[in-house]
Amino acid sequence: AQSVTQPDIHITVSEGASLELRCNYSYGATPYLFWYVQSPGQGLQLLLKYFSGDTLVQGIKGFEAEFKRSQSSFNLRKPSVHWSDAAEYFCAVGGDYKLSFGAGTTVTVRA
Amino acid sequence: DARVTQTPRHKVTEMGQEVTMRCQPILGHNTVFWYRQTMMQGLELLAYFRNRAPLDDSGMPKDRFSAEMPDATLATLKIQPSEPRDSAVYFCASGLARGVDNGGRNSPLHFGNGTRLTVT
């Protein structure tokens, strides 16, 4: 069975500070891993994905994520947060498209 | 920019009524998904199609929900009769699944903006 855990329900960060969102997964084989972002009233937008190869993945909007097989983790990072990064972030795992999503982490950015 | 289009954006209806949600996947995508998002359950996969054929609808309550793809440009999700517990945001997503002969790498999923359903 596949599953995703996002331990942090809500994170508040100051504008310009760094951000790290945690994601732990359970998957029987080599996972496909994704991070999506959802702004209020919108659908999910793909930030980045990991299929294989380099374990440090670069995405859009200055985000990156690192796949660590030994820790079953795929944490998302951004060195300097902008107010527009306030949103809900979802980690997902799966193969052949049947994705399981985490419960999401809401990010609030304070001025 | 190609995008997944969902209609309506919002729907308010009374319990017992039929509700139909529509999705236009991105042209050329061969895989279509229906997800439901609620505060309590998060994102749940209801059903998905490959080349218009249903591959998995185990997440869908069969007695009242039905999903179809009448053609490659339209996916529908129907609830009949609707109940208050069906209130949620329903997302459609599409992607291109490539077989092993084509590199085996699926394209990322593209999500629509959702239909917010309220059943009173």
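All values reported here derive from a predicted model rather than from experimental measurement.

Draft legend 1. Here's a closer look at the overall build of chain A. On a plain count of helices and strands, chain A comes out with 0 helices and 12 strands. Listing each helix as α and each strand as β along chain A from the N terminus yields β-β-β-β-β-β-β-β-β-β-β-β. Expected size for 111 residues packed as a compact globule is a radius of gyration near 13 Å; at 13 Å, chain A falls within 12% of this value. The C-alpha extent of chain A, read off along each of the three principal axes, is 40 × 30 × 20 Å. Within chain A, contacts between residues separated by at least 24 positions form 54% of all contacts whose residues are at least 6 apart in sequence. In the form shown here, chain A has an accessible surface area of approximately 5,200 Å², with 49% of it arising from carbon and sulfur atoms. Considering chain A, the positive charge centre built from 9 side chains and the negative charge centre built from 9 side chains are found 2 Å apart.

Draft legend 2. Local environment of the overall build of chain B. The helix and strand inventory of chain B stands at 0 helices and 11 strands. Reading chain B from its N terminus to its C terminus gives the helix and strand order β-β-β-β-β-β-β-β-β-β-β. Over its C-alpha atoms chain B spans a radius of gyration of 14 Å, differing by no more than 12% from the 14 Å that the globule rule assigns to 120 residues. Oriented by its inertia axes, the alpha-carbon framework of chain B measures out at about 50 × 30 × 30 Å. In chain B, which comprises 120 residues, the proportion classed as buried is 47%. Of all intrachain contacts in chain B linking residues separated by at least 6 positions in sequence, the fraction that spans at least 24 positions is 56%. For chain B, the computed accessible surface area is about 6,200 Å², with 48% contributed by carbon and sulfur atoms.

Draft legend 3. Just the sheet that holds strand 1 (residues 5-7) of chain B, in detail. Residues and elements named next belong to chain B. With antiparallel pairing, the 4 strands of this open sheet are ordered in space as 1-3-8-7. Because the sheet does not close on itself, it has two edges, and the strands there are strand 1 and strand 7 (65-71). Along the sheet, successive strands turn relative to each other by an average axial angle of 20°, direction set aside. As judged from the 5 bridges shared by strand 3 (residues 19-24) and strand 8 (residues 74-79), these two strands associate in the antiparallel manner.

Draft legend 4. Quick look at the interface of chain B and chain A. Taken together, the contact pairs 23 residues of chain B with 17 residues of chain A. Both faces considered, chain B and chain A share a buried interface measuring about 1,800 Å² in area, 53% of it formed by carbon and sulfur atoms. Our count for the contact surface shared by chain B and chain A stands at 0 salt bridges. At the junction of chain B with chain A, the criterion picks out 3 residue pairs in polar contact (both at pLDDT 80 or more). Counting residues per element, the ones that place at least two in the side of chain B that touches chain A are strand 4 (31-38), strand 5 (42-50) and strand 9 (88-95) of chain B. Of the residues contributing to the side of chain B that touches chain A, the split by class is 11 nonpolar, 8 polar and 4 charged.

Draft legend 5. Spatial organisation of the layout of surface pockets. Of the voids in this model, the largest pocket is the one considered here, and its volume is about 650 Å³. Lining the largest pocket are 31 residues, and of these A:Gln38, A:Glu88, A:Phe90, B:Gln37 and B:Met39 sit closest to its centre. Going through the elements one at a time, strand 10 (87-95) of chain A together with strand 4, strand 9 and strand 11 (115-119) of chain B are the ones with two or more residues in the lining of the largest pocket. Element by element, the count of residues in the lining of the largest pocket is highest for strand 11 of chain B, at 4 residues. Residues that form the lining of the largest pocket fall into these classes: 11 nonpolar, 17 polar and 3 charged. Empty space within the second largest pocket amounts to approximately 530 Å³. Lining of the second largest pocket is provided by 23 residues; of these, A:Leu44, A:Gln45, B:Arg3, B:Phe111 and B:Asn113 occupy positions nearest its centre.

Draft legend 6. Focus on the pattern of salt bridges. Residue and element names in this part refer to chain B. According to the stated counting rule, one finds 9 salt bridges over all chains in the structure shown. Arg 36 is the partner of Glu 44 in a salt bridge, and the nearest nitrogen-oxygen pair spans 3.3 Å. Of the charged contacts in the structure, one is a salt bridge between Glu 83 and Arg 64, with a shortest N-O distance of 3.4 Å. Of this pair, Glu 83 sits in the loop between strand 8 and strand 9 while Arg 64 sits in the loop between strand 6 (53-56) and strand 7, and the two are 19 residues apart along the sequence. On the basis of relative accessibility, which here comes to 22%, the residue Glu 83 falls in the partly exposed class.

Thresholds, definitions, all that
- Residues numbered from 1 in each chain as written.
- Chains lettered and ligands numbered in written order.
- Predicted model: local features only at pLDDT ≥ 70, side-chain atom pairs only at ≥ 80, totals over all residues.
- Heavy atoms only, no water.
- Helix = DSSP H or I, 4+ residues; strand = E, 2+ residues; numbered from the N terminus.
- Rg over C-alpha atoms; globule rule 2.2 N^0.38 Å.
- Contact = heavy atoms within 4.5 Å.
- Areas by Shrake-Rupley, 256 points an atom, 1.4 Å probe, with all protein chains shown as cover.
- Lys, Arg positive; Asp, Glu negative; His and termini not counted.
- Charge placed at Lys NZ, Arg CZ, Asp CG, Glu CD.
- Buried < 20%, exposed > 50% of the residue type's maximum accessible area, 1.4 Å probe, protein only.
- Pairing = 2+ DSSP bridges.
- Axes fitted to C-alpha atoms, helices over the stretch in contact; angles between N-to-C directions.
- Buried area = accessible area lost by both parts, 1.4 Å probe.
- Salt bridge = Lys/Arg side-chain N within 4 Å of Asp/Glu carboxyl O.
- Polar contact = N/O pair within 3.5 Å; in protein donor to acceptor, adjacent residues only side chain to side chain.
- Nonpolar A, V, L, I, M, F, W, Y, C, P; charged D, E, K, R; others polar.
- 1 Å grid on protein atoms, 1.4 Å probe; cavity = no way out; pocket = protein on both sides within 12 Å on 5 of 7 lines; lining within 4 Å.
- Points joined across faces, edges and corners; volume = space filled by probe spheres on them.

Keep in mind these values describe shape, not function.
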